[in-house]
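If you want the building blocks of each chain, they are given just below.
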Amino acid sequence: MIKQIARMYMVESLRNPGMAIGNLLPAFMFMITSMICKSIVTGDAIDFMIKGQFLPMSIIMLIFFFSFSSATIYLADMKANKTLQWVQRTGVKPLTYYIGMGIGVFALLNVFLVLLLMGYSFIIDISLSSFLMIILMSNFVLLALYPLSFILAGLFKNEKVAQSMLVTIMILFMFSVTMTTMFLTLAEKNPQDYFIFLIWNPMLYLNDSLQMYLNLINETWLPQYQYCIILAVISMVLAAIAKKVYSSQ
């Protein structure tokens, strides 16, 4: 049953090619822009821009698409049509559906994430160890964000309302980290001194890890294993909240 749920989600997510391509395009547009810039400009400055801004933005937007846009709209539609209630009458437990859909979300993310990183590997140097660690950390961030799709779908039962709220949430999560890091760096200050104010944002741990994997910084704010533990705890807490919010009538 878990495999069937995962397959059903993946098919539905890709059923509308226009919507799928439209949502995936921003992530890959940064990669295309990087290729163009690299072919025109040479030097360390362009490599720093690609590693510090373009690549992190691509990965963040890819994670947002699968954890928020795709999953939340899919769940909001099921909530509105009472599809999940019908599924539960067949004996499928909410946990089974949560795991099954999660497998579909993670599978799709990893396919496109590998393709994205392979494209960037032709532009900048990405070692095999960094390649694998980026994938690992991206999966932990998705693990932390995945329950939010159930929470948002439970709070905003209309998929159009949910979709409009996603833009605000995405901007908050994304720019609170990337812009803070960029402006503090330009001001010749250490961004890590201010990370304590962003501990609530899973994207902080991804962006900080990417900086180290791409050799922009020597070490992360906290050890990598602590990042993974924090993200796992965030996932469990949000999953408990999601169970109450999404299953409530």
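Our structure's up above, just so we're on the same page.
In short, a report on the structure. Note that the structure is a prediction, hence the values are computed from the model and not measured.

1. Details of the nonpolar core
Point 1. Judged by nonpolar contacts, the single largest core of 73 residues is most densely connected at I59, L62, M101 and M203.
Point 2. If you list the elements that add at least two residues to this core, you get α1 (2–14), α2 (17–40), α3 (44–80), α5 (94–121), α6 (128–155), α7 (159–186), α8 (202–213) and α9 (224–247).
Point 3. At 18 residues, the largest contribution of residues to this core is made by α3.
Point 4. Residues contacting M203, with those up to four places away along its chain left out, are I60, I63, F64, V141, L145, F173 and V177.

2. Section: the pattern of salt bridges
Point 1. Tallied over the entire structure, the rule returns one salt bridge.
Point 2. For D47, the salt bridge goes to K38, with nearest N and O atoms at 2.5 Å.

3. Regarding the packing of aromatic side chains
Point 1. Tallied over the entire structure, the rule returns 10 aromatic pairs.
Point 2. Each ring, one from F195 and one from W221, has its centre 6.0 Å from the other, and the planes form 85°; the classification is edge-to-face. One end of the pair, F195, is in the loop between α7 and α8; the other, W221, is in the loop between α8 and α9, and 26 residues separate them in sequence.
Point 3. With a relative accessible area of 24%, W221 lands in the partly exposed category.
Point 4. A network of ring pairs unites the aromatic residues F64, F173 and W200 as a single cluster.

4. Quick look at the packing of α6 against α8
Point 1. Running from N to C, α6 and α8 point in directions that differ by 175°, and their axes come no closer than 9 Å. The orientation of α6 relative to α8 falls into the category roughly antiparallel. Contacts between α6 and α8 involve S130, M133, I134, M137, S138, V141, A144 and L145 on the former and, on the latter, P202, M203, Y205, L206, S209, L210 and Y213.
Point 2. Its residues assigned to classes, the contact of α6 with α8 shows 12 nonpolar, three polar and no charged.

Criteria and cut-off values
Residues numbered from 1 in each chain as written. Predicted model: local features only at pLDDT ≥ 70, side-chain atom pairs only at ≥ 80, totals over all residues. Heavy atoms only, no water. Core = buried A, V, L, I, M, F, W, Y, C linked by side-chain atoms within 4.5 Å. Buried < 20%, exposed > 50% of the residue type's maximum accessible area, 1.4 Å probe, protein only. Helix = DSSP H or I, 4+ residues; strand = E, 2+ residues; numbered from the N terminus. Contact = heavy atoms within 4.5 Å. Salt bridge = Lys/Arg side-chain N within 4 Å of Asp/Glu carboxyl O. Phe/Tyr/Trp six-rings, centres within 6.5 Å; stacked < 30°, edge-to-face > 60°. Axes fitted to C-alpha atoms, helices over the stretch in contact; angles between N-to-C directions. Parallel < 35°, antiparallel > 145°, perpendicular 65-115°, else oblique. Nonpolar A, V, L, I, M, F, W, Y, C, P; charged D, E, K, R; others polar.

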